[in-house]
Amino acid sequence: MDPSMLKAIVIDDELFAREELIELLEQTGHIQVIDEASNAILGLQKIHALKPDVVFLDIHMPQVSGIELLSMLDPDTMPAVVFVTAYD
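### Some points on the overall build of the protein chain
Alright, step 1. Of regular secondary structure, the protein chain possesses three helices and four strands.
Alright, step 2. For the protein chain, whose C-alpha radius of gyration is 12 Å, the value lies close to the compact-globule estimate of 12 Å for 88 residues.
Alright, step 3. The C-alpha extent of the protein chain, read off along each of the three principal axes, is 35 × 30 × 20 Å.
Alright, step 4. Counting over 88 residues, the protein chain shows a buried share of 36%.
Alright, step 5. When the accessible area of the protein chain is evaluated, it comes to approximately 5,400 Å², of which 56% is carbon and sulfur surface.

Reading guide: rules and limits
Residues numbered from 1 in each chain as written. Predicted model: local features only at pLDDT ≥ 70, side-chain atom pairs only at ≥ 80, totals over all residues. Heavy atoms only, no water. Helix = DSSP H or I, 4+ residues; strand = E, 2+ residues; numbered from the N terminus. Rg over C-alpha atoms; globule rule 2.2 N^0.38 Å. Buried < 20%, exposed > 50% of the residue type's maximum accessible area, 1.4 Å probe, protein only. Areas by Shrake-Rupley, 256 points an atom, 1.4 Å probe, with all protein chains shown as cover.

From the geometry alone we can't say anything about function, so treat these as descriptive.
Right, here's the structure in full:
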């Protein structure tokens, strides 16, 4: 892995949205998507395990929302977060 690339995780409950976003991010040549998750709980586990530089996080997900996931992260070690949504 190129050390200048940002390591990212994509968390979104919609499979097609995740796949499209991952493809777009990798086309930039500056972001390597190291993993993905279909819900916030799995996403939280992957954030702790993989320590990404940035997380692309869906706001609206069943059970635990992206906003709620954000509140579960330690502010001292939190990666950058980019919220994504298909909602108006």
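Moving on, there is more to tell.
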